[in-house]
Amino acid sequence: MTDETERPSDFIRDIIAEDVRAGKYKQIRTRFPPEPNGYLHIGHAKSICLNFGIAREFDGICNVRMDDTNPTKEEAEYVQSIMTDVHWLIDGWADKHVGGAPLYASDYFDRFYEYAVDLIRKGKAYVDDMSREDTDEYRRLGKASSFRERSVIESLDLFARMKAGEFPDGTRTLRAKIDMNAANVWLRDPVLYRIRHASHHRTGDKWCIYPMYDWAHTLSDYIEGITHSVCTLEFEVHRPLYDWILDALELPDPRPHQYEFARLNLTCSVISKRKLIQLVNEKLVKGWDDPRLVTISGLRRRGVTPSALRTFAYNIGITKYPSMTDMALLEHTMRDEFNRVATRRLAVLRPIKVVLTNYPEEKTEELDAINNPEEPKAGTRKIPFGRELYIERDDFMETPPPKFFRLRPGGEVRLKYAYIIKCDEVVKDAGGNVIELRCTVDLDSKSGGPTAGRKVKGTIHWVSAARAIDAKVRLYDRLFTVPEPDAAGDFKSFVNPDSLEVVNAKCEPALTDARPEKRYQFERLGYFAVDLDTTRENQVWNRTVTLRDTWAKEAKR
RNA sequence: UGCCUCGUGGUGUAACGGUAGCACUAGAGACUCUGAAUCUCUCUGUCUAGGUUCGAAUCCUAGCGAGGCAGCCA
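No experiment lies behind these values; they were computed from the predicted model shown. (Residues numbered from 1 in each chain as written. Chains lettered and ligands numbered in written order. Predicted model: local features only at pLDDT ≥ 70, side-chain atom pairs only at ≥ 80, totals over all residues. Heavy atoms only, no water.)

1. Quick notes on the sheet that holds strand β23 (residues 520-522)
Point 1. Taken in spatial order, the 7 strands make up an open sheet running β10-β23-β24-β25-β21-β22-β11, and their pairing is mixed. Each edge of the open sheet carries a strand with a single partner, namely β10 (343-345) and β11 (347-348).
Point 2. In this structure, β10 lies alongside β23, joined through 3 bridges in parallel fashion. Bridge pairing links T343 to Y520 in β23. (Pairing = 2+ DSSP bridges. Helix = DSSP H or I, 4+ residues; strand = E, 2+ residues; numbered from the N terminus.)

Structure below.
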C-alpha cells in the first residue's frame, strides 16, 4: 500500500471517473480553498490529499485559492504558512498538478461586482436597508423585507453608492431575491454583499463592500474553471444556493459542481481552528507548531513525514459519515513507514550507570551494529564499548514483577551487540535511590563471537559512558486524556499534564551528525527526529511516536 | 422546531440485488541479540419494523439514532 501507486476509490472519485468517461470536461480541475486566518491542521491535510490526489489521478489541476473575502479576519502572514504547509505535503507527489499557487478570491473582486450588477439588472437581487437584527428575524420567520420590491434602478444606484463608501457599516446589504418561504434557509434571500470599511490584506482600501462566501466561492470556482468543488458537510445546505447563482447569472457551461464529504475527527485531539487558537493563546501549548498539536506545522516539527500523512489520508477514506478516527491509526501509519526507513541508534533516555567490574579499566572496543535490519543496504556502524556504561533506568528493577526479563539483582541480561552481563551489586545514595549497578561481564558471550549463542531472556540497549553524547529529548504523549475532549464540557480541562516530558539523554556517538530530514529509531524506545531548536552545542530531539510496547501493557496489570 | 445528510464489529472502511471482506484496536501463540518487526490464530458487525424479490447491507415505507444548517463568518 504505497500512496504513490494506489488509486483510492470513494464516492467522489467514482463520480469524477464517470464524468471523465462521459467526456463531460476537457480537464478535471479541483481546488483547495483555505481562508488565511489561521494555520492548517490535519483536517486540511485530508482535504489537500483529496483535492490534489484527484488532480494527479485524473491528470488534472488543483488550484490553491485563498478565500480572502473577510478583511477583518484575514492576514497576509497566514498565506505564507499555508503555502509552506501545502508544499511540504505535496512536493514530489502532486506538485506537478498545482494550478495557481496561490490564487486569491480577492483578485476577482471586480468581476464579482460586475456579476452582482448583472444580477440586479436581471431583477434577481436588491439592496436591503434593514438592520442586521431585522434581517435575521425576517429570515427566520420567512418574512419579506419591505425593500424587496424596490426597483432595479434604485438598487443599482444604491449598490454603486455602497461601493463608493457613502454608507456606514451594517446599514445596507445586497441580497439575492430567491424565495423567503424556502424550506432551506439559505434560499431565503441570502446576503451577497455587506459593507465593511476595513483594509484588506491585498486590496487595501480599494473596497468597502465585500462579497459573502457563497457569492465569492461559487464565482471563484466558475472563473477558475473548477469542475469539481469538493468541500465539507456543513456546506451541503449551501449547494442549492451554489447552483442558483450559476443559473441566475445564466453562465454558460462548463459549470462547476459541489460535492461534500465528512471532515476528519481524531481521538485525543482537537481539530477546529477555534480550539487550536485557544490552546495557543492561553499558552497550553508553546505555539502553532507545538508537536503535540495536530496542526501541519506541529506534526512536521514532531517528525511526521508528508508520505505518512498521505498514507493516513488514504487509509481513512472519504465518506459522508461523520466518523471519529482513532489516533492509533495515525500512530500505526507512522510506525509502519518509519520501521522500513528509520536508521537504528542506541540512546538512553533516563540513564543509570553500570560498572563492569571485571572489564579492564583502559580497554575499549568498537562493536558492529546494524543500521537497519529491514534494509540490509543501510549497512553497519561501530559503537564504542568500555568499562562504564549507561543503561535505561526502566531496564533494572530491584524487586521485579513475574514476567520482567530485564536486569535484576543477581540476574543476567544481554547488552545489544555486546556481552551478557550479571548484576552483582546495587549502589544507592543516602536517600535509597539506585545510582549505580556493579556488574560482571561474560567475556565469552560477545556478539558474533564463538560462544555468543548463550541465551538470556532479555536484551537491552546501552551507551558507553566515556563516549556518550548528551542530548535533550522531548517525550510527547497525547495532548488530551480522554478520547473526545470536545464532546462534553470544557475541552481544556482534559489537557494531559504529562503530554510533554523533557529528559537529558545519553546517545551513542554516531548520532553526532544526525540530520533533521532523517528519521531515527532509538532501539526499543521509539522514532525520533531532530528538533529545530538544535544548535551545534545542544542537540534537541522530538519523540515522534513510541514503538509498540506490549511490556507496558503487561506491567500495568 | 424546520430543512438537509448519514446509520456495516470497539474504530475506520469495502461489498453498486448474489459467499459480509480489509485495516486499526484488543486478546492468544510462534519467533526474536529491539517485550519492536514478522508470522499464525481468536473475539466482535449490516439501527429497528414492515414491504418488493428466488435472493436485500444494498431498492421502497415508517420509526429510531447521529451529525449539519438556520452570521452582514468561511
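There's more to say after this.
2. A short note on the pattern of salt bridges
When their charged atoms lie close together, side chains carrying opposite charge are able to pair.
Point 1. Within the structure shown, the criterion is met by 53 salt bridges.
Point 2. The closest approach of N and O atoms between D107 and R202, which form a salt bridge, is 2.8 Å. One end of the pair, D107, is in the loop between β3 (103-104) and α4 (109-121); the other, R202, is in the loop between β6 (191-195) and β7 (209-211), and 95 residues separate them in sequence.
Point 3. Taking the relative accessible area as the measure of exposure, R202 reaches 40% and is therefore partly exposed.
Point 4. Across the pair R478 and E331 runs a salt bridge, and its minimum N-O distance is 2.9 Å. In this pair, R478 is assigned in the loop between β21 (469-476) and β22 (500-507) and E331 in helix α12 (residues 327-341), connecting sequence segments 147 residues apart. (Salt bridge = Lys/Arg side-chain N within 4 Å of Asp/Glu carboxyl O. Buried < 20%, exposed > 50% of the residue type's maximum accessible area, 1.4 Å probe, protein only.)

3. Focus: the nonpolar core
Point 1. Membership of the largest hydrophobic core comes to 41 residues, with the highest contact counts inside it found for I42, I48, F52, V86, L89 and I90.
Point 2. Looking at this core, the elements that each hand over two or more residues are α2 (42-57), β2 (61-66), α3 (76-90), α10 (296-302), α11 (306-316) and α12.
Point 3. With 7 residues, the single largest contributor to this core is α3.
Point 4. In this structure L89 touches A45, I48, C49, I296, P306, L309 and R310, once residues within four positions along its chain are discounted. (Core = buried A, V, L, I, M, F, W, Y, C linked by side-chain atoms within 4.5 Å. Contact = heavy atoms within 4.5 Å.)

4. What about the packing of aromatic side chains?
Think of a pair of aromatic rings as described by two things: how far the centres are apart, and how the planes are tilted against each other in angle.
Point 1. Within the structure shown, the criterion is met by 20 aromatic pairs.
Point 2. With a centroid separation of 5.3 Å and 85 degrees between ring planes, the pair formed by Y520 and W541 is classed as edge-to-face. Here W541 lies in strand β25 (residues 539-546) and Y520 lies in strand β23, a separation of 21 residues in the sequence.
Point 3. Overall, the relative accessible area of 4% leaves Y520 in the buried class.
Point 4. Here K275 stacks its cationic end above the ring of F491, 5.9 Å away from the centre of that ring.
Point 5. A cation sits over an aromatic face here: R300 above W88, 5.3 Å from the ring centre. (Phe/Tyr/Trp six-rings, centres within 6.5 Å; stacked < 30°, edge-to-face > 60°. Lys NZ or Arg CZ within 6 Å of the ring centre and 35° of its normal.)

Geometric descriptors of this kind do not, in isolation, establish any biological role.
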